[in-house]
2 protein chains.
Amino acid sequence: MKKLVNDVHEVVKESLEGFQAAHSDTISVNFDPDFITRAEPKKEGKVGLVSGGGSGHEPLHGGFVGYGMLDAAVPGAVFTSPTPDPIVEATKAADRGAGVLHIVKNYTGDVLNFETAAELCEMEDIEVATVVVNDDVAVEDSLYTAGRRGVAGTFLVEKIAGAAAERGDDLEAVRAIAQAVNDNCRSMGLALGPCTVPHAGKPSFDLADTEVEMGIGIHGEPGYRRTDMRPADELAAELYEKVKEDLPFDKGDDVIVLINGMGATPLSELYIVNRKIQQLLDADGINAVRTVVGDYVTSLEMPGCSLTLLRVEGDMLELFDAPTLTPGYRKGM
Amino acid sequence: MKKLVNDVHEVVKESLEGFQAAHSDTISVNFDPDFITRAEPKKEGKVGLVSGGGSGHEPLHGGFVGYGMLDAAVPGAVFTSPTPDPIVEATKAADRGAGVLHIVKNYTGDVLNFETAAELCEMEDIEVATVVVNDDVAVEDSLYTAGRRGVAGTFLVEKIAGAAAERGDDLEAVRAIAQAVNDNCRSMGLALGPCTVPHAGKPSFDLADTEVEMGIGIHGEPGYRRTDMRPADELAAELYEKVKEDLPFDKGDDVIVLINGMGATPLSELYIVNRKIQQLLDADGINAVRTVVGDYVTSLEMPGCSLTLLRVEGDMLELFDAPTLTPGYRKGM
């Protein structure tokens, strides 16, 4: 295993130290328990947004803490849910008297630990609402998960709900828009190869030199089929058809498109995928009102990508365009 | 070879089409000859900035076209210099009557083709100045290059010179600040493995499972030695010592730090490298006034990273902090 790490058991801690050193103008890292908050002083009366989950998906979640997105993030060990205790502490840190929204990707461990944390917070009179993100259309029930998994759509939930909280929406309104984003959002990914969890020391799965895993999970969970390596356009078309038919997205819909890199895919290849997706959207009369291409929800150094489509309703587009200043995503400031 | 491509000879064209589709609010792609310009209307009297080189280093250079950075970029084939013709056309497109600065990474092909293009432009009464970036301390003379290679410091040259042009500096002033950034900037990289050029179809070099290439070039050119895989802190320290002693950087210096990913290195690992670099800077009394961590000058999907230090002089820091709006880098807008 070749990785830029020291002790494999200190990967998250050392990475957080380097993250803090790079971004101390924007975020602040608390150690033991580990969580990330905004560096800026609290704004009283604002709904707090807290997310978290296993590490290894950076910039998600810690990279999305800052103005216009999250108030706090809780990183677990690599691909491992954080325990309730740091979630409770992060929730307290994010509470500004207006309640806190937990944004939870649908993995059984994350859901259970955020639930427990929410109960503990309620006992301390912090109001907590929760949205569970489950945008992955690839499979129902899988390794680690009952129901559908939460994947790259989480970025859009955090961005749009974060903007709603920033403009002063109350907890129920922020929860409702986060839920609406999830409900209108569908994703699917593919992998050209595995990634290696540092403390495991070996690739998370085997894939032949000629194979692609369609519907991969962000921890390397199996998708719905393996197929021979094919031109990018054919692979992109398969992602698109699965995602489109699921909601379904229809002619005349306005969508935000996210072409997400899983970690080791060159930007040039993500743009080749985007080219085909835009052609397919055009042919179907679906309007790509915004397109984002890059690494937002990764799986360490997995080669591959995912497609997310969000049908924008109400003021989602305005919220998506609102100013944001986080280490991993920035616009308007 | 597993890549998200269609025809290996159409990689750059198709990628540019997808790039255009994603960022048409910021950039505009011209095909045949291929070059990228800003989408915004020309601002008369502003010095134009043009860069370019082989593709495969995205977001460099096309991703840095936009307000506050480049006016145009010229992508060659993957790892292959663009010919003079598109450079001439890009220069004409970038000319606003105040002359154009060519920012050229020091590779023999790039230098020759930009020189030829500059001569052709002068014949059409476009004043052209040139800065050749050669920040890589690893080796003197190498595959493709006489003298030192231009690597990740190019991002800082484009950012700072771009801000100088935006505020209205004349051609000589913009050239001088670009040259000063280069003169105060040193970089070195390492690779944990090779990348694969699509039309070559096989890895650019072989590296044993236990080896690291120290001083790698951004096209996979050999560095100055191969070493056994070691903890990240030891590898980071070797990068740091080589970079520091070269200028040299001294106690009391203010520096901008760039921890650049080569393409397939997780952000978490780049932050582990940053942690060590910041410790070493602290110990030496060198002040990291800004730190940037991420993929800025890549080598397709090469696993590895580079360290760049820039000693800030004059108003470089103010220019670095100035607003920028490009597909690959954004701040303040």
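Our subject in this report is the structure included herewith. Here, residues in each chain are numbered from 1, in the same order as that chain's written sequence. Whichever chain is written first becomes A and whichever ligand is written first becomes 1, with later ones labelled in order. Selection of residues for local features in this predicted model requires a pLDDT of at least 70, selection of side-chain atom pairs for listing and counting requires 80 or more, and totals for whole chains, interfaces and linings are taken over all residues. Hydrogens and water molecules were not included; the side-chain quantities draw on all heavy atoms of the structure.

Focus on the sheet that holds strand β7 (residues 185-191) of chain A
Residues and elements named next belong to chain A. The strand order β9-β8-β7-β12-β10-β11 describes an open sheet built from six strands, whose pairing is mixed. Each edge of the open sheet carries a strand with a single partner, namely β9 (225-228) and β11 (287-294). Here the average twist between neighbouring strands, direction ignored, is 20°. Each pair of strands is called paired provided DSSP finds at least two bridges between the two strands. Elements are defined by DSSP. Helices are runs of H or I of four residues or more, strands are runs of E of two residues or more, and each kind is numbered from the N terminus. Pairing analysis gives two bridges linking β7 to strand β8 (residues 211-214), with the strands arranged antiparallel. Among the inter-strand pairings, leucine 190 is bridged to a residue of β8, identified as methionine 214. In this fold helix α7 (residues 267-284) packs onto β10 (254-261), β11 and β12 (304-311), with an angle of close to 155° to the strand it touches most, β10. Angles run from 0 to 180 degrees between N-to-C directions of axes, and those axes are lines fitted to C-alpha atoms, restricted for helices to the stretch in contact. Here, residues are in contact when the closest pair of their heavy atoms is within 4.5 Å.

What about empty space enclosed by the protein?
Where empty space is left becomes clear once a probe the size of a water molecule has been rolled over the atoms. Here a cavity is any set of points on a 1 Å grid over the protein atoms alone where a 1.4 Å probe fits but cannot get out, and a pocket is any open set with protein on both sides within 12 Å along at least 5 of 7 lines; a residue lines the site when it has an atom within 4 Å of a point. Grid points are joined across faces, edges and corners, and a volume is the space filled by probe spheres set on the points. If you walk through the whole model with that rule in mind, you get two cavities of 30 Å³ or more. Its volume calculated, the largest cavity comes out at about 50 Å³. Asp136, Val151, Ala152, Met188, Gly189, Ile216, Ile218, Asn260, Met262, Val297 and Ser306 of chain B are the residues that line the largest cavity. In this model, the second largest cavity occupies a volume close to 30 Å³. Forming the boundary of the second largest cavity are Pro266, Ser268 and Glu269 of chain A together with Lys3, Val5, Val11, Val78, Pro198 and Leu300 of chain B. Side-chain classes are defined by residue name, with Ala, Val, Leu, Ile, Met, Phe, Trp, Tyr, Cys and Pro counting as nonpolar, Asp, Glu, Lys and Arg as charged, and the others, Gly among them, as polar. Its residues assigned to classes, the lining of the second largest cavity comprises six nonpolar, one polar and two charged.

A short note on helix α3 (residues 108-123) of chain B
All names here are of chain B. Relative to the 22 Å expected for 16 residues at 1.5 Å per residue, α3 spans 23 Å between its end C-alpha atoms, a close match to the ideal helical length. Per-residue accessibility, obtained with a 1.4 Å probe over protein chains only, is compared with the maximum for each type, and a residue is labelled buried under 20%, exposed over 50%, and partly exposed between these values. Those residues of α3 that sit buried are Asp110, Val111, Asn113, Phe114, Ala117, Ala118 and Cys121. The secondary structure elements touched by the buried residues of α3 are β3 (48-55), α2 (84-94), β5 (100-105) and β6 (128-133). Directly beyond the C-terminal end of α3, a positive phi value near 65° is found at aspartate 125. By this rule, a helix spans an expected 1.5 Å times one less than how many residues it contains.

Things to note about unusual backbone geometry
Following leucine 60 of chain A, the chain continues to histidine 61 of chain A via a peptide bond in cis, the omega torsion being -10°. Mapped onto the secondary structure, histidine 61 of chain A falls in the loop between β3 (48-55) and β4 (72-78). Cis geometry marks the peptide bond from aspartate 32 of chain B to proline 33 of chain B; its omega dihedral reads 0°. For aspartate 125 of chain A, which is not glycine, the phi torsion reads 65° and is therefore positive. Unlike most non-glycine residues, leucine 300 of chain B shows phi in positive territory, near 50°. For leucine 300 of chain B, the location among the structural elements is in the loop between β11 (287-294) and β12 (304-311).

Concerning the relation of the copies chain A and chain B
Copies of the same chain, two in number, are related to each other by a rotation about an axis and a translation along it. Structural alignment of chain A on chain B gives an RMSD of 0.0 Å, achieved by rotating through 180° and translating 0.0 Å along the axis. On the angle and the small slide along the axis, the relation comes out as a two-fold axis. When each C-alpha of chain A is compared by its distance to the rotation axis, alanine 264 of chain A comes out closest, at 2.0 Å. When the interface residues of chain A are mapped onto chain B, 100% of them again lie at the interface, so the same face is used by both copies. To superpose the copies, least squares is applied to the C-alpha atoms of every residue with a pLDDT of at least 70 in both.

With respect to a negative patch on the surface
Residue and element names in this part refer to chain A. Residues Glu115, Glu119, Glu122, Asp125, Glu127 and Asp170 make up a contiguous surface patch of negative charge. Within the secondary structure, glutamate 122 sits in helix α3 (residues 108-123). With a relative accessible area of 39%, glutamate 122 lands in the partly exposed category. In this analysis, a patch consists of residues with relative accessible area above 30% that form no salt bridge, clustered at 9 Å for like charges and at 5 Å for the nonpolar side chains Val, Leu, Ile, Met, Phe, Trp and Tyr. Only the protein chains shown count as cover for residues, with accessible areas throughout obtained via the Shrake-Rupley method and a probe of 1.4 Å. Throughout this description, the term salt bridge denotes a Lys or Arg side-chain nitrogen within 4 Å of a carboxyl oxygen of Asp or Glu. Residues counted as positive are Lys and Arg, residues counted as negative are Asp and Glu, and His and the chain ends are not counted. Charged groups are reduced to one reference atom each: NZ for lysine, CZ for arginine, CG for aspartic acid, CD for glutamic acid.

Here we look at the layout of surface pockets
Volume-wise, the second largest pocket comes out at about 1,400 Å³. Taken together, 40 residues form the lining of the second largest pocket, with Pro194 and Pro303 of chain A together with Pro194, Glu301 and Pro303 of chain B sitting closest to its centre.

Regarding the interface of chain A and chain B
Contact with chain A, which involves 49 residues of that partner, is made by 49 residues of chain B. Accessible-area loss on putting two parts together, using a 1.4 Å probe and summing over both, is the definition of buried area adopted here. Counting the surface lost from both chain A and chain B, the interface buries some 4,300 Å², and carbon and sulfur atoms represent 60% of this. It is Lys2, Leu4 and Tyr271 of chain A in chain A that bury the most area against chain B; as a group they hold 21% of the surface buried on that side. Our count for the chain A to chain B interface comes out at six salt bridges. We note a salt bridge from glutamate 17 of chain B to arginine 275 of chain A, for which the minimum N-O separation is 2.6 Å. A 3.5 Å cut-off defines polar contacts: any pair of N or O atoms within that distance qualifies, except that in protein one atom must be a possible hydrogen donor and the other a possible acceptor, and neighbouring residues in sequence count only when both atoms are side-chain atoms. Along the contact surface separating chain A from chain B lie 26 residue pairs in polar contact (both at pLDDT 80 or more). Within the residue set of the side of chain A that touches chain B, elements represented by two or more residues are α1 (11-22), α6 (232-246), α7, β11 and β14 (330-331) of chain A. No other element matches α7 of chain A, which puts nine residues into the side of chain A that touches chain B. For the side of chain A that touches chain B, the residue count by class is 25 nonpolar, eleven polar and 13 charged.

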